[in-house]
Structures are given as C-alpha cells and as structure tokens.
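Residue-level structure breakdown
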Amino acid sequence: MERVAARTAPVELAGLKGLTPLSATTGGADSQEIYNVLRARWGVVAPVDMEPGVPAWLVMGHAEICDIARDEAQFSRDPRNWRWHYDGLLSERSAMLGISPREPRSSSYHSDGEKRRRLREPLDDGLAALSEKTVVAQVEEVSMRLIDELGPSGEADLVRDWSKKVGFLAVTALFGFDQRTADQMMVDSAHIMDHTGQAAEARDRMGRNLMAHVRNRRATGGADLTSTFVRHKSFHDDREVADTMSLPLIAASEFLTAWIALTLRLLLTDKRFAARWTGGRIALDDALDEVLWREAPVANPPLPRYAMQDVELDGKLVREGDALIMAVAAANQDPRVHTGDTWDEVGNRAHLAWGVGPHRCPASRQARIIARVAINRLLTELDLELAVEDHYLAWVPSPWVRHPQALPVRYERARSSGTEVY
Ligand code: HEM
C-alpha cells in the first residue's frame, strides 16, 4: 500500500506569539535585512505584528502582491471586514484605529468595487486637470520661503526643517489652502502623526479647517484640487470630499517626506550622484528612481487588505477577516523580477513603490514634480554637507514608511545657481 506523506497543518495567525514587529522591517540601516530573515523563516508570506499583539500577514512576493492587490472581491479595503473589528478585539488606544477605523471613511481608499470606482474618479480627474506649471510654481514658492527661513548659513536637519515641511506645504498648495491655514495644519498634522497629548485637539481643528475650506470652495470656486472635487458629479456630499482629502493631507505628505529625505540622503552620500551634480549633469530623476527601487519610501503601505474568505497562500492559512500588508519594498527586491543589479536595468519599471491595482497611488506624476522641484531648489540655493557619517543615521520606527529620523547638515547659501532640471 502506498503511504501518503503526512501533511502538517498550515500555519495560521491565531495562537502565534512573539512575532516580528512590522516596524523592524523599516527601522534598520539595511532596508532588506529583516525581510530576508522573514523570507528565510516563512517564505514570501510571513506573520508579523502591526503593533504589539495585533498580527497581520506580510506579503513579500512581487507576483503575490500583484495578484492580491488586483483582486478586490477576495481582498477588501473596507476596514469593517477586519476580524479585529467584528470580533471586538481592538483596544480603544490602538494606533490602528487611525488607519483602520471601525467605520470606513467615505473615500476610495476604504472602498471596494462600484463605490471605489465612483470615489476614485474625482481623484483621477482632478489630478489630471492640475496644471504642471502651477504645481512647479507652487513648489518653488514654498521651497524659497523655507530656504529663506533657514537663513544664510548654519546647521539644519533636512528631515525636520525641509522634507517634512516642503512635503506637507506642497500638498496643501495643491488643494488651495492659504498659507496661514496650511501652517496651522502642518503643526496639527505633526501632533496627530506623533500621537502627542494634543493629538485629539489637533484632529478636531484639522477636521474643522478641512470642512471650512471645502465649504468655501463650494461657495466661491477656484482652480485647485478642492474646487474640482466640489464640482465633480461623482461626489454626493462634502463629507466625501473631505474624507478623500484627508489621506493626501496626512499620509501622502508623509510619503513625500520619506521620498524626499531618502533621495537627499542618496545625493549627499553617494559619490556617483555628487559627481554628476557638480558637473552640471544632474541625475535627479535617476536618484528618485533608485530610491523607489531600492528603498520604497512607503515600504509597507499602511492600508491593509482583508481576506473575504479562508484561503491558502504560500502554505499559510489566511482566515477570513485576517489583515494582509503588501510589503512593496521587499517585492522590489524579489529575485524573480531581476536579472542583475536591481535598479540599473534600463526600462525596468516593474517596481511596486506606487502600489498596484485599483488602489495604486493616483498622484505619482504630481509627487515626482514636487520631489524633483523641491530637491533641485534646495541643492541649487544651498551648499550642503552632511554633518554626521551615513552609518550613524537612525531610522524612524514606523511600521509603514522608511526614512532617516534626521539628516543633520551644515549649509551656506550658494554663490552661483545650479542647473535647472525640469
Ligand atoms: C502629491 C502627493 C501624493 C498624493 C496626493 C497621493 C495620494 C494617494 C491616494 C489618494 C492614495 C489612495 C488611493 C486609493 O486607495 O484609491 C494613495 C495611495 C498610495 N500612494 Fe500616494 N500620494 C502622494 C504621494 C505618494 C508618494 C511620494 C508615494 C511613494 C513614493 C506614494 C505611494 C503610495 C502608495 C504605495 C499607495 C498605496 C497603494 C496601495 O495600497 O495599493 N504616494 N496615494
């Protein structure tokens, strides 16, 4: 009689303890080290903790991410489908409530199918209608204001004093906020992101500012993104407009911060780029692309998918209601998408730094303009030198994004202007 090999039961999340914290994947000097450890131990789908005691599946394979992210019928974005909500497991103090609230926001990022299509349309249409010239002019203005605030020479932290500010103010400019409100919202957003004691108050004020701006644009109109939103036939009310704006204002500006900071670090530390910069042949787009490939700034995009039924993935039993995180930074290094050196394969645009499928980032074009113009202006106006050695840089302990905590530099105003790149 032929013996059938005994098959061990596939691993499932329930009962797993002491899991790797998701923030370990972004918090080390080597952006791939922990993904490699997880891959060696579990394969391309590994259990991790999004926060202590709150587990999810981390999907690290390029093909697996594409399949899951494109299948919104089986893998939902609606947080009500997360078992931690319907089983009442999540503590009131969990930071996950900001990302996966019990009630979804009226926006494409928390919706599936027909509703997602309806709410995504204004985003795609509004961004397509934005004038590139206007975006460039806005980023130039914000950049010059911040550079003037720095003064003629001194020491600065290019994360705190540049990347965070320019990212946030560029996004508020797309939506047409005036400078005073934008400055206030920037302070409020920092309280929310850092979970300070003033976070609740800041969230309320930000909500009020957002709604007041939406109502103002409905009354007066304008040429910004908020104005195209309020005119768009797909939105049913102002709540949908405000909910759609809240992700770009809080999360996307953080994404921009990460991309700008990582690119500045590469430009300031890598001799290949320094030589091309001083020689006048600026390869800013090459540096921006290399970062997307090697160190996807949104390493683990913060909005999980929720399994709609039990399914076996890479030998793991994903239960209905489990959360899955798409580790795009790991997928970009998946040996199955590369033949040789990762980023240097001309024309290989297969990286997943913008996500993939129906929730792919709608603003990759605008984000590139913002990052390129801001970095170009900074490096044109200031002579910069990193004030610490690269290997001493610490990394933000975030489960989702990767960027240095600080980029301390010495700077002085440049005597001559550099080359324009756009
Ligand atoms: C102008 C700045 C930006 C805006 C307005 C913006 C806007 C958005 C919006 C609205 C979504 C949700 C789309 C949906 O679920 O339907 C999104 C998703 C996303 N964005 Fe952006 N974004 C910006 C910059 C960035 C940057 C700089 C990066 C990284 C380099 C990035 C990477 C992503 C990723 C990875 C997702 C999630 C995709 C997924 O979960 O499948 N975004 N963005």
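Scroll up for the structure.
The sections below set out a description of the structure shown in this document. All figures in this text were calculated on a predicted structure; none of them were measured in a lab. (Residues numbered from 1 in each chain as written. Predicted model: local features only at pLDDT ≥ 70, side-chain atom pairs only at ≥ 80, totals over all residues. Heavy atoms only, no water.)

1. Side note on the pairing of strand β3 (residues 54-59)
For a regular strand, side-chain orientation follows a simple rule: the groups alternate between the two sheet faces. For clarity, the cut-off: Burial status follows relative accessibility: with a 1.4 Å probe on protein chains alone, a residue under 20% of its type maximum counts as buried, one over 50% as exposed, and anything between as partly exposed. Put simply, DSSP marks the helices as runs of H or I at least four residues long and the strands as runs of E at least two long, and each gets a number from the N terminus on. A pair of strands counts as paired when DSSP detects no fewer than two bridges linking them.
For β3, the buried fraction is high: 6 of the 6 residues fall into the buried class. Taking every second residue as pointing to the same face, both faces of β3 are buried, with Val54, Ala56 and Leu58 on one and Pro55, Trp57 and Val59 on the other. Taken together, the 6 bridges between strand β2 (residues 45-51) and β3 define a ladder with antiparallel strand orientation. Looking across to β3, one finds that Ala46 is bridged to Leu58. In this antiparallel pair of consecutive strands, β2 and β3, the connection spans 2 residues, and Gly53 shows a positive phi of 80°. For β3 and strand β9 (residues 323-326), the ladder comprises 3 bridges, and the chain directions are parallel. Residue Trp57 lies in a different strand from β9, and its bridge partner there is Leu324.

2. Topic: empty space enclosed by the protein
This is how it is decided: A cavity here means a set of points on a 1 Å grid, drawn over the protein atoms and nothing else, where a 1.4 Å probe fits but cannot get out; a pocket is an open set with protein on both sides within 12 Å along at least five of seven lines, and a residue lines either one if it has an atom within 4 Å of a point. Grid points are joined across faces, edges and corners, and a volume is the space filled by probe spheres set on the points. Each residue is assigned to one of three groups, with Ala, Val, Leu, Ile, Met, Phe, Trp, Tyr, Cys and Pro labelled nonpolar, Asp, Glu, Lys and Arg labelled charged, and all others, Gly among them, labelled polar.
Evaluation of the coordinates by the stated rule reveals 2 cavities of 30 Å³ or more. Of the pockets and cavities examined, the largest cavity occupies roughly 780 Å³. Forming the walls of the largest cavity are 39 residues, and the residues nearest its centre are Leu247, Ala252, Phe255, Cys361 and Pro362. Of all elements in the fold, only α2 (62-70), α5 (113-129), α7 (159-174), α11 (238-269) and α15 (364-381) reach the threshold of two or more residues within the lining of the largest cavity. By residue number, the principal contributor to the lining of the largest cavity is α11, which donates 6 residues. Tallied by class, residues from the lining of the largest cavity come to 31 nonpolar, 4 polar and 4 charged. Considering the residues around the second largest cavity, the lining is formed by Thr25, Ser31, Gln32, Tyr35, Glu295, Ala296, Ala299, Ala329 and Arg402.

3. A few points about unusual backbone geometry
Positive phi values are uncommon outside glycine, yet Asp314 reaches one of about 50°. By the secondary structure assignment, Asp314 is in the loop between β7 (311-313) and β8 (316-318).

4. A closer look at the coordination of the iron atom of the ligand
Geometrically, a metal with four donors at the corners of a regular tetrahedron has ideal angles of 109.5 degrees, and one with six donors at the corners of a regular octahedron has ideal angles of 90 or 180 degrees. Put simply, the test is: Counted as coordinating are nitrogen, oxygen and sulfur atoms within 2.8 Å of the metal, or 3.2 Å for Na, K and Ca, while water is not included, which may make sites look incomplete.
There is one protein donor for the iron atom of the ligand, namely Cys361 (SG), at 2.4 Å. For Cys361, the location among the structural elements is in the loop between α14 (328-331) and α15.

5. Concerning the site of the ligand
To keep things clear, this is the line we draw: Summary of the distance rule: residues count as near a molecule or strand when at least one heavy atom falls within 4 Å of that molecule or strand. Any pair of N or O atoms that falls within 3.5 Å is considered a polar contact. Within protein, one atom must be able to donate a hydrogen and the other to accept it, and sequence-neighbouring residues count only if both atoms are side-chain atoms. Should more than half of a molecule's atoms lie within 2 Å of a pocket's or cavity's grid points, that molecule is taken to sit in it.
Lining the immediate surroundings of the ligand are 25 residues, of which Arg77, Ser108, Arg305, His359 and Cys361 lie closest. Within the side chain of His359, an N or O atom sits 2.8 Å from an oxygen atom of the ligand. Structurally, the ligand is housed in the largest cavity. Every element with two or more residues in the shell around the ligand is listed here: α5, α11 and α15. The greatest single-element share of the shell around the ligand, amounting to 6 residues, is contributed by α11. Tallied by class, the residues present in the shell around the ligand amount to 19 nonpolar, 3 polar and 3 charged.

6. Thoughts on the pattern of salt bridges
To be explicit about the condition: By convention in these notes, a salt bridge is any Lys or Arg side-chain nitrogen within 4 Å of a carboxyl oxygen on Asp or Glu.
All chains considered together, the criterion is met by 37 salt bridges. Ionic pairing is found between Asp161 and Arg160, a salt bridge with its closest N-O pair at 2.8 Å. With a relative accessible area of 14%, Asp161 lands in the buried category. One network of salt bridges, with partners in common, ties together Glu140, Asp148, Arg377, Glu381 and Arg413.

7. Remarks on the nonpolar core
Where we set the bar: Within this scheme, the nonpolar core is defined by two criteria: the residues are buried Ala, Val, Leu, Ile, Met, Phe, Trp, Tyr or Cys, and they are joined through side-chain atoms within 4.5 Å. Contacts between residues were defined by any pair of non-hydrogen atoms, one from each residue, lying within 4.5 Å.
Of all hydrophobic cores here, the largest spans 120 residues; its most connected members are Met50, Trp162 and Leu324. Of the residues forming this core, the biggest block, 12 residues, is contributed by α11. Discounting residues that sit within four places of it in the chain, Trp162 has contacts with Ser143, Leu146, Ile147, Asp157, Gly167, Ile260, Leu264, Ala374 and Leu378.

8. Remarks on α7
Put simply, the test is: Working rule for helices: expected span equals 1.5 Å times residues minus one. Note on bend: the value at a residue is the angle between axes fitted to the seven residues ending there and to the seven starting there.
Here α7 is 16 residues long and its end C-alpha atoms lie 21 Å apart, about the 22 Å a rise of 1.5 Å per residue gives. The sharpest bend along α7 reaches about 25° and sits at Lys165. Counting buried residues in α7 gives 13 out of 16 residues, a clear majority hidden from the surface.

9. Describing the packing of α7 against α11
As a reminder, the rule being used: Helix axes are fitted only over the stretch in contact, all axes being lines through C-alpha atoms; the angle between N-to-C directions runs from 0 to 180 degrees. Roughly parallel refers to an angle under 35 degrees, roughly antiparallel to one over 145, roughly perpendicular to one between 65 and 115, and oblique to any angle outside these ranges. Handedness of a crossing follows from how the near helix is turned relative to the far one, being left-handed for an anticlockwise turn of less than a right angle and right-handed for a clockwise one.
In contact at an axis separation of 8 Å, α7 and α11 are set at 135° when each is read in the N-to-C sense. By the angle class used here, α7 and α11 are oblique. The two elements α7 and α11 cross, and the hand of that crossing is right-handed. Two secondary-structure elements touch here, α7 through Val159, Trp162, Ser163, Lys164, Val166, Gly167, Phe168, Val171 and Thr172 and α11 through Pro248, Leu249, Ser253, Leu256, Thr257, Ile260, Ala261 and Leu264.

10. A look at the sheet that holds strand β10 (residues 382-386)
Spatial ordering of the open sheet is given by β5-β11-β10, a layout of 3 strands whose pairing is antiparallel. Strand pairing shows two members of the sheet lacking a second neighbour, β5 (153-157) and β10, which therefore form its edges. Ignoring which end each strand starts from, the neighbouring axes of this sheet average 30° apart. With 5 bridges joining them, β5 and strand β11 (residues 408-413) adopt antiparallel strand pairing. Looking at β11, one finds that Ala156 is bridged to Val409.

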